[in-house]
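Letter by letter, the chains look like this.
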Amino acid sequence: ELKVEQNPLFLSMQEGKNYTIYCNYSTTSDRLYWYRQDPGKSLESLFVLLSNGAVKQEGRLMASLDTKARLSTLHITAAVHDLSATYFCAVELNTGNQFYFGTGTSLTVIP
Amino acid sequence: EPEVTQTPSHQVTQMGQEVILRCVPISNHLYFYWYRQILGQKVEFLVSFYNNEISEKSEIFDDQFSVERPDGSNFTLKIRSTKLEDSAMYFCASRAQGSSYEQYFGPGTRLTVT
């Protein structure tokens, strides 16, 4: 069975600090997605990474993909309170249209 | 901005009853998906749908589940005989054909089975 593991599961960080969330997966995949979920809300797409070495940045968040290592990272720069949410990575199988989500990382940014 | 809509927002049903969850995907999208999320847990893929047929399905999507696109706009998930463990948030998503691959999620339907 495909495993998608995120770490850490819980992250409490101070405003202004940097941190990285890791997403490891156990099968070959060229497509990886990052989502944000606020409590009681739906999923908001953050990044779509489509190839080895892909790097995307939006504001204080930067995501990268290493398909050889089966690893994606979500880097947070100079965290602010508004980034508090749960972040999920998701892997799409290379056969297409089937997705496996990671366990989620609950991020709390403390003023 | 176009968005995926879902109805109802909350459905309460008794064990053994049938429920139909409804979704209206973004109008020019061709791929449709259902996911579920048990409270406090990760998102689980149920099924994908393209060209009026199931594209992929997970082990969760057993014979009690079915999907349908009854007309040009709606996409439904039917659970034939609900169990307590079906209680979850159900999300519909859609995406366009092409190179962006981005999925757009609806607000979800909270299903409570009593």
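The structure contained in this document is the topic of the report that follows. (Residues numbered from 1 in each chain as written. Chains lettered and ligands numbered in written order. Predicted model: local features only at pLDDT ≥ 70, side-chain atom pairs only at ≥ 80, totals over all residues. Heavy atoms only, no water.)

### Observations concerning the packing of aromatic side chains
Thought 1: For the coordinates displayed, the defined rule picks out 18 aromatic pairs over all chains.
Thought 2: Looking at Arg95 of chain B, its charged tip hangs above the ring of Tyr31 of chain B, at a distance of 5.7 Å from the centre. (Phe/Tyr/Trp six-rings, centres within 6.5 Å; stacked < 30°, edge-to-face > 60°. Lys NZ or Arg CZ within 6 Å of the ring centre and 35° of its normal.)

### Remarks on the environment of Arg22 of chain B
Residues and elements named next belong to chain B.
Thought 1: With respect to the helices and strands, Arg22 occurs in strand 3 (residues 19–24).
Thought 2: Accessibility expressed as a relative area gives 40% for Arg22, which makes it partly exposed.
Thought 3: The sequence separation of Arg22 and Gly108 amounts to 86 residues, and the corresponding C-alpha distance is 9.8 Å.
Thought 4: Filtering out sequence-adjacent residues up to four positions away, Arg22 remains in contact with Thr5, Gln6, Thr7, Trp34, Phe75 and Thr76. (Helix = DSSP H or I, 4+ residues; strand = E, 2+ residues; numbered from the N terminus. Buried < 20%, exposed > 50% of the residue type's maximum accessible area, 1.4 Å probe, protein only. Contact = heavy atoms within 4.5 Å.)

### What to know about the sheet that holds strand 8 (residues 75–79) of chain B
In a beta sheet, neighbouring strands pair by backbone hydrogen bonds and run either parallel or antiparallel.
Residue and element names in this part refer to chain B.
Thought 1: On the basis of which strands lie adjacent, the open sheet formed by four strands has the order 1-3-8-7 and antiparallel pairing. With one partner strand each, in any of the chains shown, strand 1 (5–7) and strand 7 (65–68) form the two edges of the open sheet. In this sheet, neighbouring strand axes are inclined to one another by 20 degrees on average, regardless of whether the strands run parallel or antiparallel.
Thought 2: Where strand 1 and strand 3 come together, three bridges link them in antiparallel fashion. Residue pairing in the sheet places Thr5 in a bridge with Val24 of strand 3. (Pairing = 2+ DSSP bridges. Axes fitted to C-alpha atoms, helices over the stretch in contact; angles between N-to-C directions.)

### Brief notes about the state of the cysteines
Thought 1: Under the criterion given, the structure shown has two disulfides over all chains.
Thought 2: Between the sulfur of Cys23 of chain A and that of Cys89 of chain A lies a disulfide, 2.0 Å long from S to S. Note on the Cys23 of chain A and Cys89 of chain A pair: the S-S dihedral is about 80 degrees, so by sign convention the disulfide is right-handed. Here the residue Cys23 of chain A occupies a position in strand 3 (residues 19–25), and Cys89 of chain A occupies one in strand 9 (residues 85–92), the gap between them amounting to 66 residues. As far as the burial class goes, Cys23 of chain A and Cys89 of chain A line up, both buried.
Thought 3: Two residues share a disulfide in this structure: Cys23 of chain B and Cys92 of chain B, whose sulfurs sit 1.9 Å from each other. Its S-S torsion of about -60 degrees marks the bond between Cys23 of chain B and Cys92 of chain B as left-handed, since a negative value means left-handed. Pair noted here: Cys23 of chain B is in strand 3 and Cys92 of chain B is in strand 9 (residues 88–95), with a separation of 69 residues, a long-range link. (Disulfide = S-S within 2.5 Å.)

### Some details on the sheet that holds strand 3 of chain A
All names here are of chain A.
Thought 1: Pairing is antiparallel in the open sheet, where five strands are placed in the order 1-3-8-7-6. This sheet does not close on itself; its edge strands, each paired only once, are strand 1 (4–7) and strand 6 (55–58). Pairs of neighbouring strands in the sheet enclose a mean axial angle of 15 degrees, with direction left out of account.
Thought 2: Note: strand 3 against strand 8 (residues 71–76), six bridges, orientation antiparallel. Counterpart to Asn24 in the pairing with strand 8 is Leu71.

### Comments concerning the interface of chain B and chain A
Thought 1: Taken together, the contacts link 23 residues of chain B with 20 residues of chain A.
Thought 2: Summed over both sides, the interface between chain B and chain A buries roughly 1,700 Å², with carbon and sulfur atoms accounting for 53% of that surface.
Thought 3: When the area that chain B buries against chain A is broken down by residue, the three leading residues are Lys42, Tyr101 and Phe105 of chain B, summing to 28%.
Thought 4: At the junction of chain B and chain A, the tally comes to one salt bridge.
Thought 5: Notably, a salt bridge pairs Glu92 of chain A with Arg95 of chain B, separated by 2.8 Å at the nearest N-O pair.
Thought 6: If you list the elements that add at least two residues to the side of chain B that touches chain A, you get strand 4 (31–37), strand 5 (43–50), strand 6 (53–57) and strand 9 of chain B.
Thought 7: Examining the composition of the side of chain B that touches chain A, we find that four residues originate from one element, strand 4 of chain B, more than from any other.
Thought 8: Across the side of chain B that touches chain A, the residue classes tally to nine nonpolar, nine polar and five charged. (Buried area = accessible area lost by both parts, 1.4 Å probe. Salt bridge = Lys/Arg side-chain N within 4 Å of Asp/Glu carboxyl O. Nonpolar A, V, L, I, M, F, W, Y, C, P; charged D, E, K, R; others polar.)

### Structural notes on the side chain of Arg36 of chain B
All names here are of chain B.
Thought 1: Following the sequence through the fold, Arg36 ends up in strand 4.
Thought 2: A residue is classified by how much of its surface remains accessible, and Arg36, at 11% relative accessible area, is buried.
Thought 3: Not counting the four nearest positions on each side in its chain, Arg36 is found in contact with Lys42, Val43, Glu44, Leu46, Ile60, Glu85, Asp86, Ala88, Met89 and Tyr90.

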